[in-house]
Amino acid sequence: MTDETINYREKAYALLKADADKIVKLIQVQLDNLTMPQCPLYEEVLDTQMFGLSREIDFAVRLGLVDDKEGKALLDSLERELSVLHEASTKKRVR
């Protein structure tokens, strides 16, 4: 693998990670200020954002810029993080 290929792979993964981080921030704002986790708007935003990211990852995998396992790990990590946010928000609202 050439240095240029490695650089593209690193950039692709960094961009995907940044998009995943944006989803976490967006959901955090919604949970903190706007909606309940059971709200259809919350679910719609989450579903749309997650679908978009999964398509980005699929595209990067198909181009050979991201390993399939790395892409799945990124989505799994994001889902776990969002689950923790959801649980924390639910507990906060119950109090």
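Just above sits the structure.
Given the structure is predicted, the values throughout are model-derived calculations rather than measurements. (Residues numbered from 1 in each chain as written. Predicted model: local features only at pLDDT ≥ 70, side-chain atom pairs only at ≥ 80, totals over all residues. Heavy atoms only, no water.)

**Q** Go over the overall build of the chain with me, naming the residues and quoting the values.
**A** For the chain, the helix and strand inventory stands at three helices and zero strands. Shown N-terminal to C-terminal, the secondary structure of the chain runs as helices and strands in the order α-α-α. Along the first, second and third principal axes, the C-alpha set of the chain runs to 55 × 20 × 20 Å. In the chain, which comprises 95 residues, the proportion classed as buried is 26%. Put simply, of all contacts in the chain between residues at least 6 apart along the chain, 69% involve residues at least 24 apart. Per element, the accessible surface of the chain, about 6,600 Å² overall, is 57% carbon and sulfur. On the chain, the mean spot of the 14 positive side-chain charges and the mean spot of the 18 negative ones are 4 Å from each other. (Helix = DSSP H or I, 4+ residues; strand = E, 2+ residues; numbered from the N terminus. Buried < 20%, exposed > 50% of the residue type's maximum accessible area, 1.4 Å probe, protein only. Contact = heavy atoms within 4.5 Å. Areas by Shrake-Rupley, 256 points an atom, 1.4 Å probe, with all protein chains shown as cover. Lys, Arg positive; Asp, Glu negative; His and termini not counted. Charge placed at Lys NZ, Arg CZ, Asp CG, Glu CD.)

Any functional reading would require information beyond the geometric quantities listed.
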